[in-house]
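Working through the structure, step by step
This is what each chain is made of:
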Amino acid sequence: MKKILSVLLVLALCFSLVACGTTDTSSKPSAKKTTMTMGTGSPTGTYYAYGGVLGQYVQNNTNITVKPVSTGGSKDNIQSIDSGDYQLGTVQSDVMDYAWNGTRTFEEDGKIDTFRTVAGLYAEAVQLITTNPDIKSVADLKDKKVSIGAPGSGVYFNAMDTLTAAGLTEKDIKPQYQNFDESADALKDGKIDAAFIVAGAPTPAITELCMTNANTRIVPIDGDVAEKLMEDNTFYSVYKIPADTYANQTEEILTVTVKATLIVSADASEDDVYNLTAAIFNNIDAISKEHAKGAELTLENATEGLTVPFHAGAAKYFKEKNIDVATK
């Protein structure tokens, strides 16, 4: 009897150990976790706030941890993906084309092709802001103090394109090379007459300025200037800033736009990029409730008018939606 009890106790112990091993194994994650740092933009720009929302939906619906960080914008984000510091970034569609082809702001350092497109996100309006009542058109910027963005930034080239279309050069104005925050502060303090800010509308920096200074206005970029600008630069298209987007703005304002785009390191895995693309586009309604730019998330907007090849993971997702995009 003692021998039988001993055998039974040994068998019970073995079954117990097997059971414990099974529980431990099943509790482990079935997929490897990935961490991606996302370059966005200024804390008062649209990239930063919207990037945070997109990152949260990716993180909540995949095995990817997204860490959005404030940056100098498009060029910084592309360069940081190239160096391996970031894996994701929000960029202007024109700036990523400059990088891919080694032109304009990337002419000196050379082309960068270590990134791929995930999706177009929303329209980035070229917003010409002023507190000077005498400035009613782009031509009125002559001899005025105008912030045209940080040197070599996407905003700088947008400003140059707009001035050129109006028959002006950098020498015709008193240029100030300031970022979003600096431009808003300088306008608020009366140190400049106008500033170019390129971002999704409403832009937090402009919203605050309009609420604190009743003289703040957005100058239209329309008519012959817009036509010439779009004729010379295929990145631009017409954009309407709806009435009441900003305080004291009672009418619709015509301007031009480029496209905010999400890019990813070319080295990112196909599965990760497929999953993050799905996490965004399968949650459009929820994202729209958290940020106004979510309303512009559409499959058409995501895939049209972009010149840099798509990542294979994003292409796989769009293929399931019957949309073919170039990966080379």
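Residues numbered from 1 in each chain as written. Predicted model: local features only at pLDDT ≥ 70, side-chain atom pairs only at ≥ 80, totals over all residues. Heavy atoms only, no water.

1. Quick look at the overall build of the chain
Along the backbone of the chain there are twelve helices and ten strands. Judged by the C-alpha coordinates and their principal axes, the chain covers about 105 × 45 × 35 Å. Expressed as a percentage of its 328 residues, the buried residues of the chain come to 50%. Pairs at least 24 residues apart make up 73% of the contacts formed inside the chain by residues separated by at least 6 positions. Carbon and sulfur atoms make up 51% of the accessible area of the chain, which totals about 15700 Å². (Helix = DSSP H or I, 4+ residues; strand = E, 2+ residues; numbered from the N terminus. Buried < 20%, exposed > 50% of the residue type's maximum accessible area, 1.4 Å probe, protein only. Contact = heavy atoms within 4.5 Å. Areas by Shrake-Rupley, 256 points an atom, 1.4 Å probe, with all protein chains shown as cover.)

2. Overview of the pattern of salt bridges
Inspection of every chain in the model, using the stated rule, returns six salt bridges. Ionic pairing is found between Glu296 and Lys293, a salt bridge with its closest N-O pair at 2.7 Å. Its relative accessible area of 3% is what places Lys293 among the buried residues. (Salt bridge = Lys/Arg side-chain N within 4 Å of Asp/Glu carboxyl O.)

3. Describing the pairing of strand β7 (residues 194-199)
Most of β7 sits inside the fold, with six of its six residues counted as buried. Because side chains alternate across β7, one face comprises the buried residues Ala194, Phe196 and Val198, and the other comprises Ala195, Ile197 and Ala199, equally buried. Across two bridges, strand β5 (residues 145-147) lies against β7 in parallel orientation. By the bridge assignment for β7, Val146 is matched with Ala194. (Pairing = 2+ DSSP bridges.)

4. Some thoughts on the nonpolar core
Counting residues in hydrophobic clusters, the biggest one holds 97 residues, and the most contacted among them are Ile78, Phe115, Leu141, Phe196 and Phe318. Broken down by element, this core gets its largest block of residues, ten residues, from strand β4 (residues 115-130). Leaving out residues up to four positions away in the same chain, Phe196 has contacts with Val126, Gln127, Leu128, Leu141, Val146, Ser147, Ile148, Val155, Ala159 and Thr162. (Core = buried A, V, L, I, M, F, W, Y, C linked by side-chain atoms within 4.5 Å.)

5. Here's the deal with the confidence of the model for the chain
The predicted model of the chain has a mean per-residue pLDDT of 90, with 91% of residues at 70 or higher. A low-confidence stretch, residues 1-30 stays under pLDDT 50, and its non-local contacts, those more than four residues away or across chains, total zero contacts. (pLDDT = per-residue confidence, 0-100.)

6. A word on the packing of aromatic side chains
Scanning all chains against the criterion turns up eleven aromatic pairs. Judged by centre distance (5.2 Å) and plane angle (80°), the rings of Tyr156 and Phe157 are edge-to-face. For the pair formed by Tyr156 and Phe157, the shared burial category is buried. Summarising the aromatic geometry, the rings of Tyr317 and Phe318 are spaced 5.7 Å apart at their centres and angled 75° between planes, so their arrangement reads as edge-to-face. (Phe/Tyr/Trp six-rings, centres within 6.5 Å; stacked < 30°, edge-to-face > 60°.)

7. Thoughts on unusual backbone geometry
A cis geometry characterises the amide bond from Ala201 onward to Pro202, with omega recorded as 5°. With respect to the element layout, Pro202 can be found in the loop between β7 and α7 (204-212). Backbone geometry at Arg104 places phi at a positive 50°, although glycine is not the residue there. Mapped onto the fold, Arg104 is located in the loop between α4 (93-101) and β4. Given the relative accessible area of 32%, Arg104 is considered partly exposed. For Asn322, which is not a glycine, the phi torsion comes out positive at approximately 65°. Structurally, Asn322 is set in the segment after α12 (312-320). Accessibility expressed as a relative area gives 73% for Asn322, which makes it exposed.

8. Comments concerning the environment of Glu251
Take Glu251: it is sitting in the loop between β9 (237-241) and β10 (253-265). Note on Glu251: relative accessible area 60%, which makes it exposed. For the pair Glu251 and Val198, spaced 53 residues apart in the sequence, the C-alpha separation amounts to 20 Å. Those residues in contact with Glu251 that lie beyond four places of it in its chain are Ile241 and Ala243.

9. Focus on the packing of helix α9 (residues 270-281) against α12
Where α9 meets α12, the axes come as close as 7 Å, and the angle between the chain directions of the two elements is 50°. With respect to α12, the element α9 is oriented oblique. Relative to α12, the crossing made by α9 is right-handed. Along the contact surface, α9 presents Glu270, Val273, Tyr274, Thr277, Ala278 and Phe281, while α12 presents Ala312, Gly313, Ala314, Lys316, Tyr317, Phe318 and Glu320. For the contact of α9 with α12, a count of residues per class yields eight nonpolar, two polar and three charged. (Axes fitted to C-alpha atoms, helices over the stretch in contact; angles between N-to-C directions. Parallel < 35°, antiparallel > 145°, perpendicular 65-115°, else oblique. Left-handed = near helix turned anticlockwise from the far one by under 90°. Nonpolar A, V, L, I, M, F, W, Y, C, P; charged D, E, K, R; others polar.)

10. Observations concerning α9
Look at α9: 17 Å from first C-alpha to last across twelve residues, which is about the 16 Å you get at 1.5 Å a residue. Counting buried positions along α9 gives nine out of twelve residues, so the element sits mostly inside the fold. Of the residues making up α9, those classed as buried are Asp272, Val273, Tyr274, Leu276, Thr277, Ala278, Ala279, Ile280 and Phe281. (Expected span 1.5 Å × (residues − 1).)

11. Notes on the layout of surface pockets
Estimated volume of the largest pocket: approximately 430 Å³. Along its surface, the largest pocket is lined by 26 residues, and Gly72, Gly73, Ser74, Ser153 and Val155 are the ones closest to its centre. Elements that contribute at least two residues to the lining of the largest pocket include exactly α2 (46-61), α3 (74-83), α5 (154-165), α6 (180-188) and β7. Ranked by the residues each element gives to the lining of the largest pocket, the list is headed by α3, at three residues. Looking at the lining of the largest pocket, its residues break down into seven nonpolar, 15 polar and four charged. Approximately 210 Å³ is the volume attributed to the second largest pocket. Lining the second largest pocket are 16 residues, with Phe235, Ser237, Thr257, Val258 and Lys259 positioned closest to its centre. Where the lining of the second largest pocket is concerned, the elements lending two or more residues are β4, β9 and β10. Here the residues of the lining of the second largest pocket sort into six nonpolar, seven polar and three charged. (1 Å grid on protein atoms, 1.4 Å probe; cavity = no way out; pocket = protein on both sides within 12 Å on 5 of 7 lines; lining within 4 Å. Points joined across faces, edges and corners; volume = space filled by probe spheres on them.)

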